[in-house]
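Structural overview
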Amino acid sequence: MTEHSRREFLKAGLAAGALATAGTLPLAAERRTAADWVTLGRADVKVTRLAFGTGTMSGEVQQSLGQEGFTRLVRHAYDNGIRFFETSESYGDTPRMLGIALKGLPRDSYRIMHKVTTRRDVDPGEKLEELRRFAGEEYFDIMLLHYQHTPTWVADTARWQDAILEAEQNKTILSHGASVHGLPALRLVPGNKWLDVAMIRVNHTGTRMDAEVADAPMLGNVNEVVGHIHQVKKEGMGVISMKLIGEGTFNHEDRQKAMRFAFQVAKVDSVTVGYKNTAEIDEAIENLNLALA
């Protein structure tokens, strides 16, 4: 066999081998992005990894944009794949403004998470209906018990939990959870059978995170918080993080670090960030895409 013939023979053999094994080679992992839809554990609700928060300074920042400016901001997020929106009755007029901003878009193309303040002197069922009408929505994808910060919150909110379950039967709420502040409240999240979703404060420095006293002016216990997140994830809860950028105190470098920490260390499912302009939305998308790379 000549050298030329030998080379052709070897090439043919290699090509045949490649074809034979092509079906057994693992496919390259699909690139994850901020706009991916992810399932929130046993809530069985899919949301985008990045959420649009409407509660900066209790919603004052978003309300100051006016309806036209706020609508442009919401639509910019939507057009760039951010389809998960978070609001609360404690955010003033923003739930109503959000409903207007989303009007005309297919309802199944976005998700809304609303938070209710669990007052003792209010009828829970009536309040949930009031929130729905005010927001101009047929239903909420997620309803959270807002700002649970005491070591007795689980027992204290029993009637609110029952009202939310009843609303789920009527399909005006699809899933539920709680947002917690302070370690005494957070310690009641692992093992809680009622919770589908937990909203927990997370960042790499402990700024505006959970300590022994809720919202105390001290750094939170990052290690304990992350430990609780890992535990509730094992139990099947979905985890959404807040205070990701230290309530607006972080610079660009720390905002990137916080996003990496949330997804690579804490391993949350989704994060919510408040925005006042399109540049902040674009940066958050870029930071999350980098964290997932």
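Here goes a summary of the coordinates provided. (Residues numbered from 1 in each chain as written. Predicted model: local features only at pLDDT ≥ 70, side-chain atom pairs only at ≥ 80, totals over all residues. Heavy atoms only, no water.)

1. Side note on the pattern of salt bridges
Taken as a whole, this structure holds 22 salt bridges when the rule is applied. The salt bridge partner of Arg42 is Asp196, with a shortest N-O separation of 3.7 Å. Residue Arg42 is located in the loop between strand 1 (37-39) and strand 2 (46-48), and its partner Asp196 is located in the loop between helix 8 (183-186) and strand 8 (197-201); the two are separated by 154 residues in the primary sequence. Owing to a relative accessible area of 33%, Arg42 belongs among the partly exposed residues under this scheme. Looking at Asp196, the relative accessible area reads 13%, which means it is buried. We note a salt bridge from Glu129 to Arg133, for which the minimum N-O separation is 3.9 Å. Placement of both Glu129 and Arg133 in helix 5 (residues 124-135) is noted, with a separation of 4 residues, approximately one turn of the helix. Classification of Glu129 as partly exposed rests on a relative accessible area of 26%. Note on Arg133: relative accessible area 57%, which makes it exposed. Put simply, Glu89, Arg119, Lys127 and Glu130 are held in one network by salt bridges that share partners. (Salt bridge = Lys/Arg side-chain N within 4 Å of Asp/Glu carboxyl O. Helix = DSSP H or I, 4+ residues; strand = E, 2+ residues; numbered from the N terminus. Buried < 20%, exposed > 50% of the residue type's maximum accessible area, 1.4 Å probe, protein only.)

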